[in-house]
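# Fold and geometry: a report
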Amino acid sequence: MAPTTEPKQRSPSIVVQELTHEKIRFALLHTDTSVANALRRVIIAEVPTLAIDLVDVIENTSCLCDEFIAHRLGLIPLLSEKAVEMEFPYDYAGDDESVTDVHFELNTGICASAETVDVTSNDLVCYDPRVAPVNYHPGESIKGKGGAMEFEAQAAARGPDDGPDIPGVVIVKLRRGQQINMRCVARKGVGRDHAKWQPVATATYRFEPEITINEELMATLTEEEKMAFVESSPTALFRYDEATRRVVVDAPDQARSYGYDGECLKKAEELGKPGLVDIRAKEDAFHFTVESTGALRPEEIVVNALKVLERKMEVTRGELDILEREQDEQVAM
Amino acid sequence: MHVSQDDFIRGSPERDALRSIVSNHVASFNYFVEHGLAEVIKRMASVSVQAPGTSAQSSRIRLWFSGVSMKTPVRERDGLSLARDPRVFPRECREAGSTYKAPMTANICWSVGEAGEVYHHELQLCQFPVMVSSTRCHLASASRAELINRGEEGREIGGYFILNGNERMIRLLIQQRRHYIIRIHDSVCWISLINEITFYFYFFFECPCSLGLKRAAFTSRGYLYTPFATAIRCVSPDEHSCTVRLHYLTGGSARLAFIHRRQEYFLPLGLVFIALCEVSDKELQDVVCSGVPGPGAHVFASERVAMVLEEIHTLGIQTRSQALSYLGICFRERLNADSWETNIDIGKRIIRDHVFIHLATCSDKFNLLVLMLQKLYALVTGQCSQDNPDSLMHHEVLLPGILLQMFMREQLSEALIKVKDTILREFEGQPQTMDLNDRERILSLVVGSIGRIDLGRMAEYFLATGNLVSKTGLGLSQTSGFTIVADKLNYVRYLSHFRSIHRGAYYAELRTTTVRKLLPDSWGFLCPVHTPDGSPCGLLNHLTASCFVHISDGQNRGLEMAAIFRILSSVGVLITTGRLRSTSAPHVLIPVTLDGVMVGFMRAADSAKVVATLRSAKVSEPPKVPPSLEVVYIPTLVNRSGGAFPGLYLFTSSSRLMRPVRQLASGFIENISSLEQAFMSIKCPDGSSGGSEELVFTHEESNAKAMLSVIASCTPWSDYNQSPRNMYQCQMAKQTMGLPLHAFCYRPDTKLYRLQSPQRPIAVTESYDEYSIDEYPLGTNAVIAVLAYTGYDMEDAMIVSKGSMERGFSHATLYKTETLSLVTGSGKVFGHFDLRSHSLEGTLNIDGSPSVGSIIEPGSALASVVDRITGQTHVHKAKGTDQAIVDRVSVIQTSLSRGIRSTKMALSLRYNRNPIIGDKFSSRHGQKGVLSFLWPEESLPYVERTGIRPDIIINPHAFPSRMTIGMLVESMASKSGALDGACINASPFKAAQKEKTYSPPAAEYGETLRKHGYDYCGSETMVNGLTGEAFGVDIYIGLVYYQRLRHMVSDKFQVRSVGPNNSLTQQPTKGRKSGGGIRFGEMERDALLAHGAAYLIHDRLHACSDRFVTHVCSNCGSILAPSLKLSVAGMGSGSALGCSAGKTLHTSCDGESEGITCRVCNRRTKIDKVELPFVFKYLASELAAMNIRIGIGIQCGA
């Protein structure tokens, strides 16, 4: 059965509104919810990153137990640009470990300080110059500046503006006489398998509200009522314009923070004027916020996600083609 | 003196609050060692031994104890230990599995003859268990740093004993209040007072020289006995108690009953009166009649007194000495009296030791007996009503120290008797060589016999098992269940053990539920919320946070009495104490008693003044009377009968429950007790007029949460919840995994749970900080969405975010310790004899222990022991089905009893217990749920505005029927607290407190939410993670503190495909441990039958059970007869059947029936194969053994 009608051709577009090294905000326009949600889900669950996956405990005399520290190590975000070049350990059949594994070492030596000492991600020794914990400053490690390597990835990912004031991720605290010596292997994985491989803290989209004020009805309100109406929304949604004595929708960007809480609608009912405003979500505009853990640059995450989506589409198309061919052959017979 | 800078030293508020939790236990044990033991010794009767065949006083030896004392725990000197510090600390006892005990020494004294020389010898009685943190414990005044150095918790509070390495504590028990006459009407009530009795003895005046022995049921003590009685529990200063009851007989006479050695004795009342003092009949009549209230009562009383006296006169008893010698005759045998004691002496002993033992003088006893009789008459005539023996008013607490004191009193007196017997035996054995003045000889006898008793072992047995082995039963109504394990499952459970108070094991099996009722009398003393569900409901209660038990050492008793008398006489009370009751006291006067002593009388008009004066003296600075004085004024009811017997009853004695309330007039805090509370008007913070406009309040509650226990007051907004939910929470808090302790590395507890990353709740009550629960938190703040999502949250299931779990939500660990013990000298040692032969290399170390941190698979080697004699190595394997990690290995040498030493290896294993499907969680509002799905994060709904995804999704149906509004409040308040970055005060009854700025939580936190740009009601628009569309309604989402309960699937799942079968029946075994199955019983079978699922039944009950294929002879129908023919040469008939000699058992001689022959029919044909349950064959065999044959008819085909 060939499709009778061509689906309506759409031309989705992305408008980037804000981009920092932690966060990207963009608007996905001219498409529908399914596409937006697919993108969101892929960002969370299917963009590959690196995370510590295997830990060999050689010595652990700290107060935390081995598996707890191993779990904490796994959750440390690692700079994952190399992930695209690497293979998933369960996909790869070859012998070259360097394609799947990246090695780390965490050896604090016996703690000699009288004070309690934090072991942080800065104490991890990285053997691959491109893979390091986020905000890695080996000079801040317990052992001091000895053996500090120049990390290309570090330099590339971070601008000169952020200094060493961002502390490393605390792994465990040691007191005098305690020691940790572990060897870790980071591997490529996706967020669906374990949360440690999620590249994002969160990725969400919001619907753009479409607010229309029934000006006729609004005109029937007194000034106090108008003020009260403006106040009723917990987010700054409306503004009372002193000059025109009218209620206007505040700047459209502010309107995006509208939480669909319906407080102003309730207020309108309370004032005896239902239908004073009409708020509905637009169906083809999605305002995305993607917050990176630091493993990948936010824009990279989105691009990678789109690539993953594309690959999925190709796989689906391939399957469909095969199906179509088979059907054609059947018809031909 | 060194002043510690520690934050947890004596006097700091947190420490005081924590110490107050165990103060009842610790203070009472301190009383026991400081004063109680000495008091026991002081009042213990000496024993005398008369050399056989002599009667002279000079050949009599008298023995007694003096000066018992207890030291601090020290190492027993055995010449083997090399420790420099002789002190033993609790940690060592825990790790070594030994008992924390200290030597107890006593002076044994004896003298020969009347005025002979007194010999002393100090000897070590025993090693007695020591309560941790008591004055005899090394940690009593240790600072936090010292405690931590000693391997204890920084906030160790003690209150428990360590027995064989286990921490056990003595549970508080409720018993009848001392020195207060209670009126009983119902025969059922008697049971509660005297349930340990098996025999009753009646002194029928008709048969004066013999004891009438009669066995009687509880409800009938003889045809004369009516349900009316009064009873008083008397306690002597050494805490020995003896209950005296006065029974009213149908004829109008009365009997005085007491219990001696679990047997009950009844004395005619007249006999007791006359035995107490020389009093004329007229005097007695006047005294009794004067105090009986009500119209016509005078005549009633005088008639009955005449009857009482007449009864005794018919026995010919007129004088005191006659009465006493009559008693002596009756009791000589029963008391095992010495031959030289006169009957009068024995009679006096009965009066002294059994009738009102708290009173020293006969005149006091007489006065109290008169009061008891007056109360009895008032009860019989209906002038006053009976008392409820289940009411807390009439209760006091059996404290650990007092229990030990009673225990030691009996043990020590038994010891003396044993010594006496030993000496007597020695006298009889070698009468010629025995010289009473031979000091060394006597001493060796005494030391030897006391050494054999081993008091310490008996005390250890008592504390370690809770079983009381006693001849007298100590006057208690139970013989077991005195001690419980103070388990550290989590901190609040641990604390609650010390606050628990039990009604008594006897009531647990009582079928009536009246004792379990929550009575208003227990207000403020017992928590109405914190009692378990099920069988112990209402019997196992918990003290409120502010309630404590008064413990007095009785040292300044004389001064205190004098002070009270001074105040009483200054306000017009007529003091008559020490004298016989004046006959002139008219009945308008109200009797005044103090600790069960008739002190005097007062006018009813003076009552208000007397009470007010006493109460202000209680709180004055310094207090003029003991602050623990209980002032019970029971007024005369005008124009009404019924109610309690009027009087002013004062108590200063120990063991009463007390709690602080505020005096309205002075504003001072006064401690009140449970009996006086019933007759006081105490204002509740939100109680307004209390239902009666005439009520004049004299006191008010000091705190709105005064009615709650420690745990119940930790439930946030419990005043918003339906009450049973708060009770469930009290139970669930005690099953929660948390951080039970800090010293994991020093604790060999058999089972410990640990939540890996617990948090402080955002919504906390004041009590939470008061008791430093933050140091031992037990839960996690979680984002909760109330939403029906996908059906996986139906029926109290909850969806947990997989991402949250993977990031550490409720991750937990289970610690289990296994101990292997080897007796030194048995030839067994830990180690490897030959590493290669056992292929343990790499798994176990050379000393037979596993490496710390190594992973132990189920069934793999855990430890190995080498037997040096046989050279064999025995490998201990890991049990269970879970992978474990070795957390700790400790090897310690300990000394067992009698010089035997053993080496113990404690292996602590760690099991990972991260949440999986089927694990149980609960909020703090009795809302428990089971994890039903670890939901992928991208598919979870998220909040449209902030992108927040919930950790847990629960179903809205959890709320309407359970009405846990507190949880909804908590959700909203915690959310606003999280936004503000502050913890929220979630104490209950905040509305009742005098805060001017109080606003309801919904309004208060709604405003905060609104301020932060959130919806006022706490709900938010959410987007479905699966479809990407927003939900049509807003979802209630907020933060709730969630507890992870210890019930986990990993400990409970049971699965079997194939496994062990019972060897007798061939059916699968039961039990999870052994890999057995779950019984498929009749009801399950019925269900399948009803479905017509025949094949399934066949599968379950036959194929998967004891399916068995056997041969049956279709000729005779036997399933036993067909068998392989044994062909043994010369067995006769065998050859006739064609089996040639020499064929072996397993050789088939007939292809068709596989060589099977029916031994009954002697045929090889018509033998069929059938499928049977094996038990059927077993049944057939069993029946065959009884000569019963089972035949089976077989039809082929169809």
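Keep in mind that what you see is a predicted model, and the values were worked out from it rather than measured.

Moving on: the sheet that holds strand E22 (residues 597–603) of chain B. The strands making up a sheet associate through hydrogen bonds between their backbones, and the pairing can be parallel or antiparallel. Residues and elements named next belong to chain B. Taken in spatial order, the five strands make up an open sheet running E20-E22-E21-E24-E23, and their pairing is mixed. Of all strands in the sheet, those bounded by a partner on one side alone are strand E20 (574–575) and strand E23 (630–634). As paired strands, E20 and E22 are joined by two bridges and run antiparallel to one another. In the strand pairing of E22, Ile575 is matched with Gly600. The strands that helix H16 (residues 557–570) touches are E20, strand E21 (589–594), E22 and strand E24 (647–651); relative to E21, the one it contacts most, it runs at about 165°.

Here we take up the side chain of Asp66(A). Structurally, Asp66(A) is set in helix H2 (residues 66–74). For the buried Asp66(A), no salt bridge is present, and the opposite-charge side chain at shortest range is Arg910(B), 4.0 Å distant. For Asp66(A), the residues in contact, after removing those within four places along its chain, are Val57(A), Asn60(A), Gly853(B) and Arg910(B).

Quick look at the domain arrangement of chain A now. Residues and elements named next belong to chain A. Taken domain by domain, chain A holds domain 1 (10–47 + 199–211 + 282–332), domain 2 (49–198) and domain 3 (215–275). Taken together, the 15 residues of domain 1 in the interface contact 16 residues of domain 2. Where domain 1 abuts domain 2, roughly 1200 Å² becomes buried across the two surfaces, and 50% of that area is made up of carbon and sulfur atoms. Its largest share of buried area at the contact with domain 2, domain 1 owes to His21, Ala45 and Ala295, together 32% of the area lost on that side.

Glancing now at the UniProt feature "domain: RNA polymerase Rpb2" (unreviewed entry) in chain B. Under the feature "domain: RNA polymerase Rpb2" (unreviewed entry), the UniProt entry names residues 232–397, 485–549 and 1076–1190 of chain B. For residues 485–549 of chain B, the end-to-end C-alpha separation is 21 Å, with 20% helix and 14% strand making up the annotated structure.

Opposite charge on two side chains permits them to pair, given that their charged atoms come into close proximity. Overall, the coordinates contain 70 salt bridges over all chains when judged by the stated rule. Between Glu944(B) and Arg206(A) there is a salt bridge, and its shortest N-O distance comes to 2.7 Å. On the criterion of chain membership, the pair formed by Glu944(B) in the loop between strand E43 (942–943) and strand E44 (952–954) and Arg206(A) in strand E9 (residues 200–213) is interchain, its members lying in two chains. By the burial criterion, Glu944(B) is buried, and Arg206(A) matches it.

What follows covers the interface of chain B and chain A. Contacts between chain B and chain A engage 34 residues on the former and 34 residues on the latter. For the pair chain B and chain A, the summed buried area comes to about 2800 Å², and 44% of that belongs to carbon and sulfur atoms. Taken as a group, Glu806(B), Glu938(B) and Glu944(B) account for 23% of the area that chain B buries against chain A, more than any other trio of residues on that side. Inspection of the region where chain B meets chain A yields two salt bridges. Note that Glu67(A) and Arg910(B) form a salt bridge whose closest N and O atoms lie 2.8 Å from each other. There are 19 residue pairs in polar contact (both at pLDDT 80 or more) connecting chain B and chain A. No other element matches helix H21 (residues 802–806) of chain B, which puts three residues into the side of chain B that touches chain A. Considering only residue class, the side of chain B that touches chain A consists of seven nonpolar, 13 polar and 14 charged.

Attention now goes to the state of the cysteines. By definition, a disulfide is the covalent link that joins the sulfur atoms of two cysteine residues. Scanning the entire structure with this criterion turns up zero disulfides over all chains. In this structure Cys527(B) is a free cysteine whose sulfur lies 5.9 Å from that of Cys730(B), the closest cysteine sulfur available.

This next bit is on the side chain of Arg615(B). All names here are of chain B. In this fold, Arg615 is placed in helix H17 (residues 607–619). Given the relative accessible area of 8%, Arg615 is considered buried. With residues up to four places along the chain from it excluded, the contact list for Arg615 reads Val631, Gln663, Glu670, Glu676, Met680 and His699.

Turning our attention to helix H1 (residues 33–45) of chain A. Between its first and last C-alpha atoms H1(A) spans 18 Å; for 13 residues at 1.5 Å apiece the expected length is 18 Å, and the two agree. Of all the residues in H1(A), the buried ones are Thr33(A), Ala36(A), Asn37(A), Leu39(A), Arg40(A), Val42(A), Ile43(A), Ile44(A) and Ala45(A). Contacts from the buried residues of H1(A) go to strand E2 (23–29), E9, strand E12 (277–292) and helix H8 (298–332) of chain A together with E43 of chain B.

Quick look at H16(B) now. Residue and element names in this part refer to chain B. Taking 1.5 Å per residue as the helical rise, H16 with its 14 residues ought to reach 20 Å, and the 20 Å between its terminal C-alpha atoms agrees with that figure. Listed as buried for H16 are Met561, Ala563, Ile564, Ile567 and Leu568. The buried residues of H16 occupy an angular sector of 160° when the element is viewed end-on, so they sit on one face. Facing away from the buried surface of H16 by more than 90 degrees, the exposed residues are Gly558, Leu559, Arg566 and Ser570. Packing partners of the buried residues in H16 comprise E20, E21, E22, H17 and E24.

All names here are of chain B. As a packed pair, helix H6 (residues 281–290) and helix H10 (residues 362–380) sit with axes 9 Å apart at the nearest point and diverge in direction by 55°. Relative to H10, the element H6 lies oblique. Seen from above, H6 lies across H10 with right-handed handedness. Counted together, Leu284, Val287, Val288 and Ser290 of H6 and Phe366, Val370, Leu373, Gln374 and Tyr377 of H10 form the full contact between these two elements. Considering only residue class, the contact of H6 with H10 consists of seven nonpolar, two polar and no charged.

Before going further, it helps to examine empty space enclosed by the protein. Leftover empty space is mapped by rolling, across the atoms, a probe with the size of a water molecule. Residues and elements named next belong to chain B. Throughout the structure, instances matching the rule amount to ten cavities of 30 Å³ or more. Within this model, the largest cavity holds a volume of roughly 150 Å³. Every residue lining the largest cavity is counted, 13 residues in all, and those nearest its centre are Cys714, Gln729, Leu778, Arg924 and Gln1043. Every element with two or more residues in the lining of the largest cavity is listed here: helix H19 (723–733) and strand E48 (1035–1045). The space that makes up the second largest cavity amounts to roughly 100 Å³.

Let us now look at the confidence of the model for chain B. Reading predicted coordinates in detail is not appropriate for stretches of low pLDDT. Residue and element names in this part refer to chain B. Across chain B, the average pLDDT comes to 83, with 89% of residues at 70 or higher. pLDDT under 50 marks residues 1–11. Its contacts with residues more than four places away, or in other chains, come to 22 contacts. Confidence drops under a pLDDT of 50 for residues 1128–1153, and excluding neighbours within four residues, the segment shows 25 contacts in the predicted structure. With a pTM of 0.86, the predicted complex shows an ipTM of 0.87.

Attention now moves to the packing of helix H5 (residues 269–276) of chain B against H10(B). All names here are of chain B. Packing of H5 against H10 brings their axes to within 9 Å, and their N-to-C directions diverge by 150°. Our classification of the angle between H5 and H10 gives roughly antiparallel. Note that H5 runs across H10; the crossing there is left-handed. Counting all contacts with H5, which are made through Leu269, Val272, Phe273 and Leu276, the residues of H10 involved are Cys362, Lys365, Phe366, Leu369, Val370 and Leu373. Class assignment for the residues of the contact of H5 with H10 results in nine nonpolar, no polar and one charged.

Okay, the sheet that holds strand E35 (residues 828–830) of chain B next. Residue and element names in this part refer to chain B. Pairing within the open sheet is antiparallel, and its three strands lie in the order E35-E37-E38. Pairing within the sheet leaves two strands with one partner each, and these edge strands are E35 and strand E38 (873–877). Strand-to-strand twist across the sheet, computed as the mean angle between neighbouring axes with direction ignored, equals 30°.

Conventions adopted
Residues numbered from 1 in each chain as written. Chains lettered and ligands numbered in written order. Predicted model: local features only at pLDDT ≥ 70, side-chain atom pairs only at ≥ 80, totals over all residues. Heavy atoms only, no water. Pairing = 2+ DSSP bridges. Helix = DSSP H or I, 4+ residues; strand = E, 2+ residues; numbered from the N terminus. Contact = heavy atoms within 4.5 Å. Axes fitted to C-alpha atoms, helices over the stretch in contact; angles between N-to-C directions. Buried < 20%, exposed > 50% of the residue type's maximum accessible area, 1.4 Å probe, protein only. Lys, Arg positive; Asp, Glu negative; His and termini not counted. Salt bridge = Lys/Arg side-chain N within 4 Å of Asp/Glu carboxyl O. Domains from an automatic or database assignment. Buried area = accessible area lost by both parts, 1.4 Å probe. UniProt positions renumbered as here; feature names shortened; annotations may be inferred. Polar contact = N/O pair within 3.5 Å; in protein donor to acceptor, adjacent residues only side chain to side chain. Nonpolar A, V, L, I, M, F, W, Y, C, P; charged D, E, K, R; others polar. Disulfide = S-S within 2.5 Å. Expected span 1.5 Å × (residues − 1). Arc of directions from axis to C-beta. Parallel < 35°, antiparallel > 145°, perpendicular 65-115°, else oblique. Left-handed = near helix turned anticlockwise from the far one by under 90°. 1 Å grid on protein atoms, 1.4 Å probe; cavity = no way out; pocket = protein on both sides within 12 Å on 5 of 7 lines; lining within 4 Å. Points joined across faces, edges and corners; volume = space filled by probe spheres on them. pLDDT = per-residue confidence, 0-100.

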